[in-house]
Amino acid sequence: MTMEKTMQFKPGLWESEINVGDFVRKNITPYEGDASFLSGPTERTLKVWEKCKEALAEERENGGVRAIDNHTISTITSHKAGYIDRENELIVGLQTDMLLKRAIKPFGGIKVVEKACHEHGLELDEHVKEIFTHYRKTHNDGVFDAYTEEIRTYRSLGFLTGLPDNYARGRIIGDYRRLALYGIDRLIEVKRADLRGLTGPMTEARVRLREEVAEQIHALEAMKVMGSYYGLDLGRPAATAQEAVQWVYMAYLAAVKEQDGAAMSLGNVSSFLDIYIEYDLAHGNIDECFAQELIDQFVIKLRMVRHLRMDSYNEIFAGDATWVTESIGGRLNDGRTKVTKTSFRFLQTLYNLGPAPEPNMTILWSLELPEGFKRFCTQVSIDTSAIQYENDDLMREVRKTDDYGIACCVSFQEIGRSIQFFGARANLAKALLLAINGGRCENTGTVMVKDIPVLKSDELDFDEVMENYKKVLAQIARVYNEAMNIIHYMHDKYYYEKAQMALIDTDPHINLAYGVAGLSIAADSLSAIKYAHVKARRNEIGLTEGFDIEGEFPCYGNDDDRADSIAVWLTHYFSNELKKYPVYRNAVPTMSILTITSNVMYGKKTGATPDGRERGVAFAPGANPMHGRDNHGAIASLSSVAKLNYEDALDGISNTFSIIPKSLGATREDRVDNLITLIDGYFKKKAHHLNVNVLNREMLEDAMEHPENYPQLTIRVSGYAVNFVRLSRAHQLEVISRSFHDHF
Amino acid sequence: MTETTAIPTVSANVPLLRVHSYESLGTYDGPGIRLVVFLQGCNFRCLYCANPDTITLQGGTLTPIDEIVQKALNEQPFFGRKGGVTFSGGEPTLQAEALIPLVDALHKRGINVCIDTNGSIITDAARELYRRTDLVLLDVKQFNPLRHRTLTERDNTNTLATAAFLAEVGTPFWLRYVLVPGYSDDVADIEALCRHLQGNTALQRVEILPYHTLGMHKYEPLGMEYKLKDVPYNTPQQLDAARELFARYFADVRVN
C-alpha cells in the first residue's frame, strides 16, 4: 500500500468547517445488494481472537476481572502501548498495557474505586488514595456535599435509583470520526479559534465554557501523544482505510481511557469508514478480505473494552456492560439509504468472531431499507440475538437530522452537535403506593410527600387514588430534577469528559434524560382499581402490605385501549411534570422508558401493588408489559407498547421481545420473512425500539447449569446485549420468567 | 347435521360469532403473519385434538363481527405482503353464515382471509364462504374411511367432496395432514389420498403436521380422556418418509 498520496474526496462544506455529516452525505456509496459479497475471518484475525478468548476464559475464572492496575490513575497518556498479538494486529491500542487489565479512574469517586479493588482482592495504591482523599475532590464527594436530605431519602428508599452520583454519567458520544477526517492538528486549530471567540461578559457560564475548551485542547494534545506510543501520527488526517479505522479507534480509546461512563457509545462510524474502504477498494489498494479484516479487528478491540466496577453496580447494569453502541443503517434525509457494505461488515463480525454483546449493534430501521439488508439483519437476529432495532423513520421525522447515533441503549443523539445528561429513573409503581399510603413509603412509613390525604376506605376508589397520584408525581418530579441538577453540575466540575467533548461542537445542544421504571405495574394497578374491586390490606401502622382483587381487569400488553390508554396517559403526564423545572445548563428535558436491568432491583424495593404483584417481584423491563399478562400473543403485546408516544419519551421507549425460533415460522426463510414483517409492522405503528431475542427457554436453563458450554451466548435485555452467563442468578431467572412468545 | 343448528350465528342485525380465543402472531396457519381467530364448536371428535376446549358448541364469547374487523385493522400493519386473518377452531364453517359478511368486510379493507377447516360441512353458507375465501387450509385426517372414523368418529366423504368443490370454484387450498403414528401414517392410505387429490387443480401445497401432545393437559380439567397417551411423537425419519411419499405426487410439500 502506498500512503504518500492523500485520498481525494468529493468537496463540500466539510472542508471549510467541522462537519462529518456533510462529508458522509457527499461521499457515501449506498449499497442496495445482499450479503453474498462478505468474507470470512482471516487467519490473522483468528489468531488475535484466539488470544482474546483465552483472556476472556481467564477473566471468567477469576471472578469476572482478569487484572487491575491499582497504582496508575488512568488518563489518555497514562499507559504506554499495549498489544494482544502484535504481529497479527491490524488495529492497535489497549486501555492499559495488558489485555483486559482494568484501570482505576478515581475522579468519579475514590471510595468506589477503593471498594472495587478490594472486592477483587487488591488494595488501592496508598498514594492515590491519599491524593483523592485529601487533595483532589471527586464527583461523588461533590454530589453528596450538595444533596438535600430529601434527595437522600428518595434515593435510599428506592424512589429514585441508579442515579449517576457514584459513577460516571457516560452517555456522551464523541464524534470519533473527526479524528480520521481532520487529524488532531486541525481540530486543535478550530478549538483554539473557538476559545478566542469566547469573550466577555465573563458570566459563570462563559468562564466555565472557556475552561472546558482549554481542557479539550489539552485532551487533543494528549491524544497525539498517545498515538505516538503506537507510532501513529494522529496530527494529520487518515490517509488509508486502515488508518481511518485506526484513527477512529484511537479517538474512542482516548475516551475510554479517560472516562468510565456507564455507557460509552461509538456513534455511527460504519458508513463513514465505508467511504475510506470503498476508496481503497476502488483504487486496488485492498480487497474484500482485507476490508472485512479491518472491521473484524476493530470489533475485537471494542469487545475488549473494560471498566472497573463495584459489585453493587451490577444491580443496575448487569453483565459488565460497556455500551459501545454503534448505530448502523438508516436513511439520509435526501431519501438515499445509509446502508453501505460496511454496515454488512459490522454485522458479519457476529459470524466471523461469534456472537457477543459488544459493540451494541443497533439497526436504524427504516421501512425503506434495502431488502437485502433487512434480510441480513433479521437473519443475524435469528442466529445470534445480538442486535437491536430502532425506528429511523420516526427519529428522523421528529429529531430532524440524519447524522445521529444511539447513546447507551436507546437514546437518540445527534453526533458531534449535541450531548445528553444521563438521569437514571424514577419508580412509578412505588410512587403509586405513596398515593395509596398517605404519602408514606410503603416499606418504612417515612413521609415522602406531605399533604397526601389518607384514603377514605380500604376499597380503592379510582378518582381518589388518581388525585393523590398526580400530587405525588409532581413532587417526585421536583426532587428528581433537583438531584439531576446537582449531579450534572458536579460531574462537569470534577469529572469533565474532555476527550469526548474535544470531538463535539463547543457549545452543544444538551438533553437532560430523565427516566421511569415500573410503567406496566403502575398502569395495570390503575386498571385494576378502575375495572375491578381492589381492597388494600394494611398493617398495624396503616401501610399496605397486599391487595385483594375481585373481578377481572384489562392488562397493558393485550392491545386493549382500556389498559393501554392508562400507560399512555401516565407517560405523558409524568413527562410533562418533569418539564416544569429549571434545568442545569438550560438542558432540554426528555424522558426514557428504559430500565437497563434495574427492573429486578426496583422490584425488590417495591411493596405489593394493586395489580396483584407480590412484594419484591421484579418489574417488567423498560416499557414491556408485565410477564405472563400479555396473553393475546406477541403482536397484541407489541401493539400496546407502540401506543406510547415517542414525543412523550424522546429519550427512548425500550421493548424487549423474546420469541422461540419455531414461533417465527417453520422454515428459516419463513422466519426471516416474518421477522421483517413484524419489525416493519411495529415501526409502522410509530413504535421506537425493539430488542429481539430468538431463543429457546430450555437453552437458557441449560446455560444456567452449564455456563462453561455457553461462553458466547448473547441475549438482549433492556436496550443492550449481555453475555447470559455473566448475569447474576437473579437476573438470569428474571430473563427466563419473561414472556416467551411460543403459542402456536 | 344437527350440530350446525345449535349455534346462533346471526342475531337480529349484527352477526355474532362464538369466539374461543385469538392468537395475534399466527405463523403456522396460512402464509405470513396472521391473526388467528379460534372459533368455538366442532363437529369432529379427533382423538388427538389439541384444542378440546373448542369442541363444545356452547361456550366461547359471542362477538359482533365488527369487533373482529377492528382487531384485524389494528393488526394490519403486521400483515405485510402475505399475512392476514385465519379462522380456525373448532370448525369455523359451522358459523359460515356470520363469517360471510365478516370475510366481505375484511376484503373491503384489503385483508387476506384463510379458513382452516375439516371440510365436512356442506351447506349453502359453507359453499358461499369457500367461494369468498382466499385460501383454504383443508385438514384431511385420513383417506381410509374406516380409519377416518376411528380417528374422528365421523365420515370423510364430505371432506373429499369439499376438495373437489374448491377445485370447481377455483379457491386454492393447502392440504394439511396430521401424521399420527399408527393412525394416519399407513403408506397405502397416504398413497391413496395422494392419488385421489393428484389432479386437483386447487391444491397448492401439502403441509405435514407432526403429531404432538401439547393439548393433552387440557383434557383432564374438561373431564375428558386423552386416548392417545401411548402414541409416540414422529421420528425425524418418519417425517422424512412421509414428505418423500407426498413429494412423489405434489410439488410443494412441507413439514410444519
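Residues numbered from 1 in each chain as written. Chains lettered and ligands numbered in written order. Predicted model: local features only at pLDDT ≥ 70, side-chain atom pairs only at ≥ 80, totals over all residues.

**Some details on the overall build of chain A**
A count of helices and strands for chain A gives 26 helices and 20 strands. Taken over the C-alpha trace, chain A has a radius of gyration of 25 Å; the compact-globule value for 744 residues is 27 Å, and the two agree within 12%. Expressed as a percentage of contacts within chain A between residues at least 6 apart in sequence, the contacts between residues at least 24 apart total 81%. (Helix = DSSP H or I, 4+ residues; strand = E, 2+ residues; numbered from the N terminus. Rg over C-alpha atoms; globule rule 2.2 N^0.38 Å. Contact = placed C-beta atoms within 7 Å.)

**A word on the overall build of chain B**
Helices and strands together make up the secondary structure of chain B, namely seven helices and nine strands. Here the C-alpha radius of gyration of chain B, 17 Å, is about what a compact globule of 256 residues would show, namely 18 Å. Considered along the principal axes of its C-alpha atoms, chain B spans approximately 50 × 40 × 35 Å. Considering chain B as a whole, with its 256 residues, one finds that 48% of them fall into the buried category. Within chain B, contacts between residues at least 6 apart in sequence are counted, and of these 76% link residues at least 24 apart. (Buried ≥ 20, exposed ≤ 12 C-beta atoms within 10 Å, placed from the backbone.)

**Some thoughts on unusual backbone geometry**
Looking along the chain, the bond that leaves A:Glu358 and enters A:Pro359 is cis, with omega of -10°. Cis peptide bonds are those with omega within 30 degrees of zero, and the linkage from B:Gly89 to B:Gly90 qualifies with 15°. By the element assignment, B:Gly90 lies in the loop between β4 (84–88) and α2 (96–108). Non-glycine residue A:Ser385 carries a positive phi angle of around 55°. Note on placement: A:Ser385 falls in the loop between α15 (371–384) and β6 (388–391). A:Ser385 gets classed as buried once you count the C-beta atoms within 10 Å, which come to 23. Notably, A:Arg585 is not glycine yet its phi reads approximately 60°, a positive angle. With respect to the element layout, A:Arg585 can be found in the loop between α21 (561–578) and β14 (588–593). The exposure class assigned to A:Arg585 is partly exposed, which follows from the 16 C-beta atoms found within 10 Å.

**Remarks on the interface of chain B and chain A**
In many reports, interface size means the accessible area that the parts give up when they come together. Every contact between the two is made by 16 residues of chain B and, on the other side, 22 residues of chain A. At the level of elements, β1 (16–26) and α1 (65–75) of chain B are the ones that each hand at least two residues to the side of chain B that touches chain A. In terms of residues, the side of chain B that touches chain A owes the most to one element, β1(B), which gives four residues. Taken together, the residues of the side of chain B that touches chain A break down into six nonpolar, seven polar and three charged. (Nonpolar A, V, L, I, M, F, W, Y, C, P; charged D, E, K, R; others polar.)

**Some details on the nonpolar core**
Judged by nonpolar contacts, the single largest core of 304 residues is most densely connected at A:Met223, A:Val248, A:Met250, A:Ala251, A:Leu428, B:Val37 and B:Phe173. Non-local contacts of A:Leu428, meaning those with residues more than four positions away in its chain, are made with A:Val516, A:Ala517, A:Gly518, A:Leu519, A:Ala522, A:Leu570 and A:Phe574. (Core = buried A, V, L, I, M, F, W, Y, C linked by C-beta atoms within 7 Å.)

**What to know about the sheet that holds strand β2 (residues 34–39) of chain B**
All names here are of chain B. Sheet architecture is open: nine strands sit in the order β3-β1-β2-β4-β5-β6-β7-β8-β9, paired in mixed fashion. Both outer strands of the open sheet, β3 (61–64) and β9 (253–255), are each paired with one neighbouring strand and no more. Pairwise comparison of adjacent strand axes, ignoring direction, gives a mean angle of 30° for this sheet. Its contacts with the sheet put α2 on β1, β4 and β5 (112–117), and the angle it makes with β5 is roughly 150°. (Pairing = 2+ DSSP bridges. Axes fitted to C-alpha atoms, helices over the stretch in contact; angles between N-to-C directions.)

**Details of the environment of A:Lys301**
All names here are of chain A. For Lys301, the position within the fold is in helix α12 (residues 288–303). Assessed through the 24 C-beta atoms surrounding it within 10 Å, Lys301 is described here as buried. Residues Lys301 and Ile84 lie 217 residues apart in sequence; the distance between their C-alpha atoms is 9.4 Å. If near-sequence neighbours (up to four positions away) are discounted, Lys301 is found in contact with Ile91, Gly93 and Tyr249.

**Here's the deal with the packing of α2(B) against helix α3 (residues 124–132) of chain B**
Residues and elements named next belong to chain B. Contact geometry of α2 with α3 gives a least axis separation of 8 Å together with a crossing angle of 25°. Relative to α3, α2 is oriented roughly parallel. Judged by the sense of rotation from one axis to the other, the crossing of α2 with α3 is left-handed. Counting all contacts with α2, which are made through Ala96, Glu97, Leu99, Ile100, Val103 and Asp104, the residues of α3 involved are Ala125, Ala126, Glu128, Leu129 and Arg132. Among the residues making up the contact of α2 with α3, the classes are represented as seven nonpolar, no polar and four charged. (Parallel < 35°, antiparallel > 145°, perpendicular 65-115°, else oblique. Left-handed = near helix turned anticlockwise from the far one by under 90°.)

**Looking at the packing of helix α17 (residues 428–436) of chain A against helix α20 (residues 519–531) of chain A**
Residue and element names in this part refer to chain A. For the pair α17 and α20, the least separation of the axes is 7 Å and the interaxial angle reads 35°. Each of Leu428, Ala429 and Leu432 in α17 lies in contact with α20, whose residues at this interface are Leu519, Ile521, Ala522 and Ser525. Broken down by class, the residue content of the contact of α17 with α20 amounts to six nonpolar, one polar and no charged.

**A few points about the pairing of strand β5 (residues 360–365) of chain A**
Residues and elements named next belong to chain A. The buried fraction of β5 is high, at six of six residues. Side chains of β5 alternate between two faces, with Asn360, Thr362 and Leu364 and Met361, Ile363 and Trp365 buried alike. At this point the chain moves from strand β4 (residues 325–329), through helix α14 (residues 341–352), to the parallel β5, and the crossover so formed is right-handed. Here β5 pairs with β6 via four bridges, running parallel. (Right-handed = clockwise from strand over helix to strand, strands pointing away.)

**What about the confidence of the model for chain B?**
The pLDDT averaged across chain B works out to 93; a share of 95% of its residues lies at or above 70. Scored as a whole, the predicted complex attains pTM 0.94, and scored at its interfaces, ipTM 0.90. (pLDDT = per-residue confidence, 0-100.)

**A look at α12(A)**
All names here are of chain A. Its 16 residues give α12 an end-to-end C-alpha distance of 22 Å, which sits within 8% of 22 Å, the value for a rise of 1.5 Å per residue. Of all the 16 residues making up α12, twelve are buried; the element is thus mostly covered by neighbouring parts of the structure. The set of residues buried in α12 consists of Ala291, Gln292, Glu293, Leu294, Ile295, Asp296, Gln297, Phe298, Val299, Ile300, Lys301 and Leu302. The secondary structure elements touched by the buried residues of α12 are α3 (43–61), α10 (241–258), α11 (270–282) and α14. (Expected span 1.5 Å × (residues − 1).)

**Re the environment of A:Cys117**
Residue and element names in this part refer to chain A. One can find Cys117 in helix α4 (residues 110–119). On the basis of neighbour count, Cys117 is assigned to the buried category, with 22 C-beta atoms found within 10 Å. Not counting the four nearest positions on each side in its chain, Cys117 is found in contact with Ile68, Asn70, Leu122, Glu123 and Leu124.

**A look at α1(B)**
Turning to α1(B), its buried residues are B:Ile65, B:Ile68, B:Lys71, B:Ala72 and B:Glu75. Considered in projection along α1(B), the buried side chains sweep an arc of 115° and stay on one side of the axis. On its buried face, α1(B) is in contact with α23 (634–642) of chain A together with β1, β2, β3, β4 and α2 of chain B. (Arc of directions from axis to C-beta.)

**Quick look at the environment of A:Leu157**
All names here are of chain A. Of note, Leu157 is situated in the loop between α7 (149–156) and β3 (160–161). Classification of Leu157 by C-beta neighbours within 10 Å gives partly exposed; the count is 18. Placed 291 residues apart in sequence, Leu157 and Met448 show a C-alpha to C-alpha distance of 9.6 Å. Non-local contacts of Leu157, meaning those with residues more than four positions away in its chain, are made with Cys441, Thr444 and Thr446.

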